[in-house]
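Structural characterization, general
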Amino acid sequence: MVAVSKTLVLDFGGVITKTLCETHAATEAVLGLPTGTLKWTGPFDPETDPLWRAMQADEITERDYWITRTREVGALIGENWTEMSQMLMAARGDAPDAVIRPEFLAFLSAARAAGCKTAILSNELDLFYDPAFRSRLAFMSEIDVTHDGTYTRVLKPDSKAYIALLRELEVAAETCVFVDDQARNIAGAQSVGMPTIHFDVMNPKGSFEAAAGLLGLTERIPL
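Residues numbered from 1 in each chain as written. Predicted model: local features only at pLDDT ≥ 70, side-chain atom pairs only at ≥ 80, totals over all residues. Heavy atoms only, no water.

Some thoughts on the side chain of Asp180
On the secondary structure map, Asp180 appears in strand S4 (residues 176-180). Looking at Asp180, its side chain comes within polar contact range of the side chain of Lys156, at 2.9 Å. A distance of 2.8 Å separates a polar atom in the side chain of Asp180 from the backbone nitrogen of Gln182. In this structure Asp180 touches Asp11, Val15, Lys156, Asn185, Ile186, Ile197, His198 and Phe199, once residues within four positions along its chain are discounted. (Helix = DSSP H or I, 4+ residues; strand = E, 2+ residues; numbered from the N terminus. Polar contact = N/O pair within 3.5 Å; in protein donor to acceptor, adjacent residues only side chain to side chain. Contact = heavy atoms within 4.5 Å.)

Below, the structure is given as structure tokens:
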């Protein structure tokens, strides 16, 4: 594979991991809930999820959406959860690798083999996922920079978040490919000059293939 001078910048939740909306069956099994208890669908059927539509319309924040779902799920099992990390660790903490998209792992391997720098730009990586969860993910050793709004408190789509990451990476915006599943975050990246892929959680393979094209990965990736 020909080496390329590009940087891959990824969101975490939704892009690297499957969304909670995709893993209801596993969550119900782990928490001891009857099958079909969790009915919120997020991007998979927005018409049945008014709270998701409110988030997409910027009437509430993404954090507002998930803390509401956290409280709802906690109440179902008699827990007073106030942090999303409590739900995620209960649902996913014992098997973190099971929720990582296999298409992502193939894509990351190809990008690294081609000489790409890699970064994660997240608004709430350690806020939503306990640091212990992240430490158990083998692929994290292949990520050059992790920029987490949990600590910086500067959140996408604020242009300052992208600019701070670019400075940390010491690269120009136009040499990056930014991948995120939220349209507002894509717009933020575009505002500073980053080429982007709006990740489709219903078509991960196609989204990663599109990102591979922007990176100049000319060899076929076995996604």
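Observations regarding the nonpolar core
Ranked by internal contacts, the top residues of the largest apolar core, which has 49 residues, are Trp66, Phe107, Phe139, Val179 and Leu217. Those elements giving two or more residues to this core turn out to be strand S1 (7-10), helix H2 (50-56), helix H3 (62-76), helix H4 (84-92), helix H5 (102-113), helix H6 (125-128), S4 and helix H11 (204-215). With residues up to four places along the chain from it excluded, the contact list for Phe139 reads Phe12, Ile16, Ile100, Phe104, Leu105 and Leu108. Counting 15 residues, the second largest nonpolar core, distinct from the first, contains Val145, Leu165, Val171 and Phe178. (Core = buried A, V, L, I, M, F, W, Y, C linked by side-chain atoms within 4.5 Å. Buried < 20%, exposed > 50% of the residue type's maximum accessible area, 1.4 Å probe, protein only.)

Section: the packing of H5 against H11
Close contact between H5 and H11 brings their axes to 10 Å; oriented N to C, the two are set at 10°. Considering the angle they form, H5 stands roughly parallel to H11. Facing Glu103, Phe104, Phe107 and Ala111 of H5, the residues of H11 in contact are Pro204, Lys205, Phe208, Ala211, Ala212 and Leu215. In terms of residue class, the contact of H5 with H11 is built from eight nonpolar, no polar and two charged. (Axes fitted to C-alpha atoms, helices over the stretch in contact; angles between N-to-C directions. Parallel < 35°, antiparallel > 145°, perpendicular 65-115°, else oblique. Nonpolar A, V, L, I, M, F, W, Y, C, P; charged D, E, K, R; others polar.)

Some remarks on empty space enclosed by the protein
Taken as a whole and assessed by the stated rule, the structure comprises one cavity of 30 Å³ or more. Considering only enclosed or pocket space, the largest cavity measures out at about 290 Å³ in volume. Lining the largest cavity are 26 residues, with Gly13, Gly14, Glu62, Trp66 and Phe128 sitting closest to its centre. The set of elements that each furnish at least two residues to the lining of the largest cavity consists of H3, H4 and H6. Per element, the largest residue contribution to the lining of the largest cavity is three residues, and it comes from H4. (1 Å grid on protein atoms, 1.4 Å probe; cavity = no way out; pocket = protein on both sides within 12 Å on 5 of 7 lines; lining within 4 Å. Points joined across faces, edges and corners; volume = space filled by probe spheres on them.)

What about the pairing of S4?
Within S4, five of the five residues are buried, leaving the element largely enclosed by the surrounding structure. Burial of the side chains of S4 extends over both faces: Cys176, Phe178 and Asp180 are buried on one face and Val177 and Val179 on the other. Here S4 runs beside strand S5 (residues 196-198); their pairing, made up of three bridges, is parallel. Of the residues in S5, the one forming a bridge with Phe178 is Thr196. A crossover links S4 with its parallel partner S5, the connecting element being helix H10 (residues 183-191), and its sense is right-handed. (Pairing = 2+ DSSP bridges. Right-handed = clockwise from strand over helix to strand, strands pointing away.)

Some words on helix H9 (residues 159-169)
The complete set of buried residues in H9 reads Ala161, Tyr162, Leu165, Leu166 and Leu169. Seen from one end, H9 has its buried residues packed into an arc of 135°, which puts them on one side. For H9, the exposed residues set more than 90 degrees away from the buried face come down to Lys160 and Arg167. Looking at the packing, one finds that the buried side of H9 touches S1, strand S2 (117-122), strand S3 (145-148), S4 and H10. Backbone nitrogen of Lys160 and a side-chain oxygen of the N-cap are separated by 2.9 Å at the start of H9; the cap is Asp158. (Arc of directions from axis to C-beta.)

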